Structure formats: C-alpha cells, structure tokens
Amino acid sequence: MSVTTPTPTKTGRRGVLTLGLAALTTATVGAAAPVAVPAPRHAPGGPLDAAAALAELRAGNARFAALRQRHPHQDAARRADVAVAQHPFATVIGCIDSRVPPELVFDQGLGDLLTVRSAGQALDEAVLGSLQYGVEELHVPLVLVLGHERCGAAAAAVEYVRTGNPVEGHLERVIEELAPAARATRDLPGDWVENTVRANVDRVTRRLARDAAFSGARVVGARFDLDTGKVAFHHA
C-alpha cells in the first residue's frame, strides 16, 4: 500500500499571518472547506473605535491609580472566549520595566490589550512587525506609545551622550534608538532623563504615525508616573 505525500507549497510572510488568523476564526463542517469569518474591529462588547479605546484606557488607569481596580476579563468564561479568538481593542508599545505592566496600569484583562515591550520603546523590525500585525491583521484601532518616569534606558542614553563612552553588546542598539532624544533635550531646563523620556515618546509616536503600515490606527503617546500610578496622555 502506498501513501502519496502532498507537495509542500510556499507561503509568503503575509500569507503566514493571514493563515494564522484564519485558523482562529474559521469553522469546518464535515468535509466542507473552511469559511473565513472576518475579525471584528473591536472586542465583542468592547470599544468600537480609537476614541472609545482611548477613553477605556483613561478609565482603567483612573481605577488603577485610585486603587479601585475591577480586574475585568480574568474569569474562566473569558479564558474560554479568548482561547478561540482574540480581538484586543488597543496595542501598547511600552518599556520592559517590571513596574509598568500595561494590563495592570490600565486595569484590563485577558484579550483586551496587545502589548509589545522593548527597553525605552526602542524600535526595530521585530517590534515594528509586531505592531503592524496588530493593526493590519487584528484591526486594532489604537496604538499607545507608553513611556515612564525614571526610565533606565533613557538614563543610559543620557549617560552615553554625556560621556561618549561606548556601549557593549546588544545594548548598543537600544541606546542608538534613544540617543537622538537625549541629544535633542541636552540643553533644556529641568531633568535631562525626564526630558529624554518625553522626547522619546514623542519621537516614536511621530515615527509610527507617519508610517503607512499604521495608517489604519490612531497613534497616541503617554507617560506613566511611578509615584502616582497615573498616565498622562500626550496631545490626546
């Protein structure tokens, strides 16, 4: 008895993303071909657009800062829902700092936020591709660039600009991304590191907003205060 092995077919990068999403949102009946179900532009029962998504983030952070969290969408029913498909209402590109977890800062739960984190919100192709996936494939209407008080990456960039000492290893790539913000704020009054944090958020926000890959979403900058727990939204 012989078994015929199907000839493998090539699938492009976008095809892989599309097939992965389709696997979450298709159903089969008997031998019938899968029928694709378009992903909604928001979580069922969640914010409908960027303005509503931003309002939900504001409200969630207000609860967090006041220590009145609801801890939504963390029960067994929600876990079962998101096991089948995900429809986050916002993407947060934030720092790796352990004190700034987006789901906690904005009092959200499973499937609510798509989070991408790198030191100082440093952008590279992997980060940009992850953000693009959220906008193009999951139809996330809002991208939030979240900086924070006392950022170690910003402090390292300031030290690099101040001294010119070389940075070793993979950290060099991070510092290269933040150094322009440190240079731009060198002669400004106030705390140099804090000014760098704010300038870097604005720089990343502008870069994403000008990129055609993110034209389907609104891009907003913000800063998290470690002392108060409050998020200040830039020009939102």
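Now for a look at the structure at hand.

Moving on: the overall build of the protein chain. Broken down by element type, the protein chain carries eight helices and seven strands. Every one of the 236 residues in the protein chain was classed for burial, and the buried ones make up 42%. Pairs at least 24 apart in sequence give 69% of the contacts found in the protein chain among residues at least 6 apart. Taken as a whole, the protein chain presents about 13,000 Å² of accessible surface, with 56% of it coming from carbon and sulfur.

Another aspect to go through is the nonpolar core. With 19 residues, the main nonpolar core has Leu-57, Phe-106, Leu-144, Leu-146, Val-231 and Phe-233 as its most contacted residues. Of all the secondary-structure elements, those providing two or more residues to this core are helix 2 (50-65), strand 3 (90-94), strand 5 (142-148), strand 6 (218-224) and strand 7 (231-234). Contact partners of Val-231, with chain neighbours within four places excluded, come to Asn-61, Val-105, Phe-106, Leu-146, Ala-222, Arg-223 and Phe-224.

Taking 1.5 Å of rise per residue, 12 residues should cover 16 Å, and helix 5 (residues 125-136) covers 16 Å from first to last C-alpha, within 8% of that figure. Buried residues belonging to helix 5 abut strand 3, strand 4 (113-117), strand 5 and helix 8 (192-209). Its side-chain oxygen placed 3.1 Å from the backbone nitrogen of Ala-126, Asp-124 serves as the N-cap of helix 5.

In the contact formed by helix 7 (residues 171-184) and helix 8, the axes pass within 8 Å of each other and the chain directions differ by 115°. For the pair helix 7 and helix 8, the crossing hand works out as right-handed. Contacts between helix 7 and helix 8 involve Glu-177, Leu-178, Pro-180, Ala-181 and Ala-182 from the former and Trp-192, Thr-196, Ala-199, Asn-200, Arg-203 and Arg-207 from the latter. Of the residues in the contact of helix 7 with helix 8, the class split is six nonpolar, two polar and three charged.

With the rule as written, the count across this model stands at one aromatic pair. Ring centres of Phe-64 and Phe-224 lie 6.2 Å apart, and the angle between their planes is 50°; on these two criteria the pair is classed as tilted. Residue Phe-64 is found in helix 2, and its partner Phe-224 is found in strand 6; the two are separated by 160 residues along the sequence. Overall, Phe-224 belongs to the buried group, its relative accessible area being 3%.

For the rest of this paragraph, the subject is the sheet that holds strand 3. Judged by pairing direction, the sheet is mixed, and its five strands sit side by side in the order 4-3-5-6-7 without closing on themselves. Two strands lie at the open edges of the sheet, namely strand 4 and strand 7, each paired on one side alone. Shown here is a sheet whose adjacent strand axes are inclined to one another by a mean of 25°, direction ignored. Where strand 5 and strand 6 come together, seven bridges link them in parallel fashion. Bridge pairing links Leu-144 to Val-220 in strand 6. The strands touched by helix 8 within the sheet are strand 3, strand 5, strand 6 and strand 7, with strand 6 carrying the most contacts at an inclination of about 170°.

One non-glycine residue, Leu-67, lies in positive phi territory at about 60°. By the secondary structure assignment, Leu-67 is in the loop between helix 2 and helix 3 (76-84). Unlike most non-glycine residues, Asp-107 shows phi in positive territory, near 50°. Tracing the sequence through the fold places Asp-107 in the loop between helix 4 (102-105) and strand 4. Here Asp-107 falls in the buried class, since its relative accessible area comes to 2%.

Two side chains of opposite charge can pair, provided their charged atoms sit close to one another. Considering all chains together, one arrives at 12 salt bridges under this definition. One salt bridge in this structure joins Glu-149 and Arg-150, with 3.4 Å as the shortest N-O distance. With a closest N to O distance of 3.7 Å, Arg-223 and Asp-225 form a salt bridge. Judged by relative accessible area, which is 17%, Asp-225 ranks as buried. Each of Glu-194, Arg-198, Arg-223 and Asp-225 takes part in one network of salt bridges that share partners.

In this section: the pairing of strand 3. Burial analysis of strand 3 places five of its five residues in the buried class, which makes it a mostly covered element. Covered by surrounding structure in strand 3 are Ala-90, Val-92 and Gly-94 together with Thr-91 and Ile-93, the residues of both alternating faces. Sheet topology places strand 3 next to strand 4; five bridges connect them, and they run parallel. From the neighbouring strand, Val-92 faces strand 4, where its bridge partner is Thr-115.

Rules used in this analysis
Residues numbered from 1 in each chain as written. Predicted model: local features only at pLDDT ≥ 70, side-chain atom pairs only at ≥ 80, totals over all residues. Heavy atoms only, no water. Helix = DSSP H or I, 4+ residues; strand = E, 2+ residues; numbered from the N terminus. Buried < 20%, exposed > 50% of the residue type's maximum accessible area, 1.4 Å probe, protein only. Contact = heavy atoms within 4.5 Å. Areas by Shrake-Rupley, 256 points an atom, 1.4 Å probe, with all protein chains shown as cover. Core = buried A, V, L, I, M, F, W, Y, C linked by side-chain atoms within 4.5 Å. Expected span 1.5 Å × (residues − 1). Polar contact = N/O pair within 3.5 Å; in protein donor to acceptor, adjacent residues only side chain to side chain. Axes fitted to C-alpha atoms, helices over the stretch in contact; angles between N-to-C directions. Left-handed = near helix turned anticlockwise from the far one by under 90°. Nonpolar A, V, L, I, M, F, W, Y, C, P; charged D, E, K, R; others polar. Phe/Tyr/Trp six-rings, centres within 6.5 Å; stacked < 30°, edge-to-face > 60°. Pairing = 2+ DSSP bridges. Salt bridge = Lys/Arg side-chain N within 4 Å of Asp/Glu carboxyl O.

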